[in-house]
Structure formats: structure tokens, C-alpha cells
Amino acid sequence: MKTILHTHLIIISSVLLSVDSCQNKKSAPTDSSAYTTPQQQTTTTSAPTQTIIPQPINGPANPKEENERFVVSFYSIGQGIDSKVNEEFVKFLDTYPNPKKINYSPSHWGREGEVDYCLTLKELTPAEQTEFVKKATELLAKSKLVHTKENAKCDHSNWPPLPNTAQEETYPLVISFYSKGGGIDSKVNGEFEKFLTSYSKKIVYEPTHWGREGEVDYCLKLSELSTAEQTDFVKKAKEVLSKSALVHINENTACVHKH
């Protein structure tokens, strides 16, 4: 009987010890991070520092172009610019009576000598500028192949047509001897003048010289001839001139180099 009682006591003691051990395990601190859900886990990372490099300031994409005080454009309508007036204008610029020289730089833009002169005239006072423009305009008025502008951009394109262009006098025949750098065809030019002076009826003409290498035009009204005679004259003139490759022949057109 004692043996049985002793056995029960041992069993009860073992059970109590087991219960106490479980309670100690439950009360022991646990690592909360082991039971943190993925949503609860956060990783702190330092964002890379972004360096902002200041960009140079270039101004507006389309800066306003500065206007020039006076703009002169020598142009051509197929037979070159007015070289004579161009030379006079350059001389005018180089010898203008002012303590300071007029600054200019010719801007060539065409195949037939076309050139612009864009003048700021900063060397002159406002009153002197007005006087300069007046004198320059008077000089340039000698030519029909010049555009002028005041207080405008230096741009040879989109110039307005000259006034009364459609009313320019036309000639039944305009002959132009031109040069490509070695002078005109003097031989054929001489033959053509002989043709003019020896024609059956006297032909009124006046040579118009316009270049540095002997360039010359003959603008013929042929008013001495009837319509039929004019046709015959033009035909014979072309036969004489066909010997040269340095001649322009135009009918019913303006005499562009005639002043």
C-alpha cells in the first residue's frame, strides 16, 4: 500500500514539474521580428544624393535681332548689279567727312555681284546719321537696282518691289556684253557697232557702260524702223552676235543699267 502511494506521489510531482516548465517557456521573451509579417517589415535605405548641375543661360531661343540704322542692297535682275553706282557708294563711305571712319563690311549674297551694306552708323550722332542717310539716298537714287531701308534688319530677302517697276520703259532690243573675269568679247562688240552704224537706216543708240571689264549695254528703241523692219533688224543683229558666248540678248525688256 505504501508502495502504491509513493508511486502516485512521484507521478504527481513529475506532472507538476512539467506544467511549471511549460509556463516558464511561455513567459520567456521572444524575438518579435521572427513573427513580423512581411507588411510589418520595413527596410530603411538612404536615397542617393542627386547633384543638380546648373545649366548655362543662353537667353531666349529666338533673340530679337538688332536693327541697323541704314541698309543698302545692290541687286540684279539677270545682268549683274549697277557696278558704277556701287563703286560711287563705296567711295562715298570711305571718304565721308567725319572725324571717325564709317564702319562697314560688304555682305555678298548672289551670283551676279549682289551685295548688302548694313550700317549701324554708331560713329555719328543722331543728327549726323540723318544727314548721312539723306546724302547716301541722293547718291543711290541714280540706280534702279538698289533697295534701301532705315532702322531695319540686315536681311536682303523679302525686299519689297521697287515703286513703278511695272511702268519701266521697255526696249524692243537690249544687247548686253558681259565678262566672266577676262573682259568682254571686244571683237564681236566692234562688229556689232559697225553693224549699227552701217545699217540701211540710221539707228539711234547710246552705249551704256556699267562694269570694270568693259561691260556695256545697247538699249535700242528702233523707232526709226517699222514693225516689219524691226523684226528684220533683230534677226540680222542676232546673226552677228551669235559669234560670241559673252552676250545677252533680250527683247521687249527694260534697260537695267541705263540711268
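That block above? That's the structure.
Residues numbered from 1 in each chain as written. Predicted model: local features only at pLDDT ≥ 70, side-chain atom pairs only at ≥ 80, totals over all residues. Heavy atoms only, no water.

Engineer: What should I look at first to understand helix H5 (residues 227-241) in this one?
Structural biologist: Residues lying three or four places apart along an α-helix face the same way, a consequence of the helix completing one turn every 3.6 residues. Taking 1.5 Å of rise per residue, the 15 residues of H5 would be expected to cover 21 Å, and the 21 Å separating its terminal C-alpha atoms lies within 8% of that figure. Taken together, the buried positions of H5 are occupied by Phe233, Val234, Ala237, Val240 and Leu241. For H5, the angular spread of buried residues about the axis comes to 120°, placing them on one side. Opposite its buried face, H5 presents the exposed residues Ala228, Thr231 and Lys235, each directed more than 90 degrees away. Looking at the buried residues of H5, the elements they touch are strand E5 (170-177), helix H4 (186-197), strand E7 (216-220) and strand E8 (247-254). (Helix = DSSP H or I, 4+ residues; strand = E, 2+ residues; numbered from the N terminus. Expected span 1.5 Å × (residues − 1). Buried < 20%, exposed > 50% of the residue type's maximum accessible area, 1.4 Å probe, protein only. Arc of directions from axis to C-beta. Contact = heavy atoms within 4.5 Å.)

Engineer: Even after reading the chapter, I still don't get the state of the cysteines, so can you show me in this structure?
Structural biologist: Any covalent bond linking the sulfur atoms of two cysteines counts as a disulfide. This structure, assessed with the given rule, holds two disulfides. In this model, Cys219 is linked to Cys255 through a disulfide, with the two sulfur atoms separated by 1.7 Å. Taking the sign of the S-S torsion, 65° for the link of Cys219 and Cys255, the bridge is right-handed. Of this pair, Cys219 sits in strand E7 while Cys255 is found in the segment after E8, placing the two residues 36 residues apart along the sequence. Exposure remark for Cys255: the relative accessible area of 4% places this residue in the buried category. The connectivity of the disulfide-linked cysteines in the protein, indexed sequentially, is 1-2, 3-4. (Disulfide = S-S within 2.5 Å.)

Engineer: Just checking my understanding: could you explain the side chain of Ser143 for this structure?
Structural biologist: As for its position among the elements, Ser143 is in the loop between helix H3 (126-140) and strand E4 (146-152). With relative accessibility at 9%, the residue Ser143 sits in the buried group. For Ser143, the side chain forms a polar contact with the main-chain nitrogen of Leu145, separated by 3.0 Å. (Polar contact = N/O pair within 3.5 Å; in protein donor to acceptor, adjacent residues only side chain to side chain.)

Engineer: What is the right way to read the sheet that holds strand E1 (residues 68-74) from this model?
Structural biologist: Backbone hydrogen bonds hold the strands of a sheet together, and the pairing may be parallel or antiparallel. One open sheet accounts for four strands, arranged E2-E3-E1-E4; its pairing is antiparallel. Edge positions in the open sheet fall to strand E2 (107-108) and E4, since each of these has one partner strand only. For E1 and strand E3 (residues 115-119), the ladder comprises five bridges, and the chain directions are antiparallel. Across the sheet, residue Phe74 finds its bridge partner in E3, namely Val115. Where helix H2 (residues 83-94) meets the sheet, it contacts E1 and E3, and its direction lies at approximately 25° from that of E3. Sheet strands touched by H3: E1, E3 and E4. Its angle to E1, the strand with the most contacts, is close to 10°. (Pairing = 2+ DSSP bridges. Axes fitted to C-alpha atoms, helices over the stretch in contact; angles between N-to-C directions.)

Engineer: What exactly am I supposed to notice about the environment of Val174 here?
Structural biologist: Within the secondary structure, Val174 is located in strand E5. C-alpha of Val174 to C-alpha of Ala254: the two residues are 80 residues apart in sequence and 7.8 Å apart in space. With near-sequence residues (within four places) excluded, Val174 lies in contact with Tyr218, Cys219, His248, Ile249, Asn250, Thr253 and Ala254.

Engineer: What exactly am I supposed to notice about the pattern of salt bridges here?
Structural biologist: Any two side chains of opposite charge can pair, so long as their charged atoms come close to each other. Taken as a whole and judged by the stated rule, the model has eight salt bridges. For the salt bridge of Arg69 with Glu150, the shortest nitrogen-to-oxygen distance reads 3.0 Å. Highlighted residues: Arg69 in strand E1 and Glu150 in strand E4, separated in sequence by 81 residues. In this structure Arg69 comes out as buried when scored by relative accessible area, which is 15%. Given a relative accessible area of 44%, Glu150 falls into the partly exposed group. In this structure, Lys236 engages Asp232 in a salt bridge whose closest nitrogen and oxygen atoms are separated by 3.3 Å. Of this pair, Lys236 and Asp232 both sit in helix H5, four residues apart, which is roughly one turn of the helix. Overall, the relative accessible area of 32% leaves Asp232 in the partly exposed class. (Salt bridge = Lys/Arg side-chain N within 4 Å of Asp/Glu carboxyl O.)

Engineer: Honestly, the environment of Asp116 in this entry has me stumped. Any pointers?
Structural biologist: Relative to the elements of secondary structure, Asp116 occurs in strand E3. A relative accessible area of 2% places Asp116 in the buried class. For the pair Asp116 and Val146, spaced 30 residues apart in the sequence, the C-alpha separation amounts to 9.6 Å. Of note is the side chain of Asp116, whose polar atom sits 2.6 Å from the side chain of Ser73.

Engineer: Please clarify how the packing of H4 against H5 should be interpreted in this entry.
Structural biologist: Geometry of a packed helix pair, given as the angle between the helix axes and the separation of the axes. Remark: H4 packs on H5, axes separated minimally by 9 Å, with the N-to-C direction vectors making an angle of 155°. When the axis of H4 is compared with that of H5, the two are roughly antiparallel. Every pair of crossing elements has a handedness; the one defined by H4 and H5 is right-handed. Taken together, the residues of H5 that come into contact with H4 (itself represented by Val188, Glu191, Phe192, Phe195 and Leu196) are Phe233, Lys236, Ala237, Val240 and Leu241. (Parallel < 35°, antiparallel > 145°, perpendicular 65-115°, else oblique. Left-handed = near helix turned anticlockwise from the far one by under 90°.)

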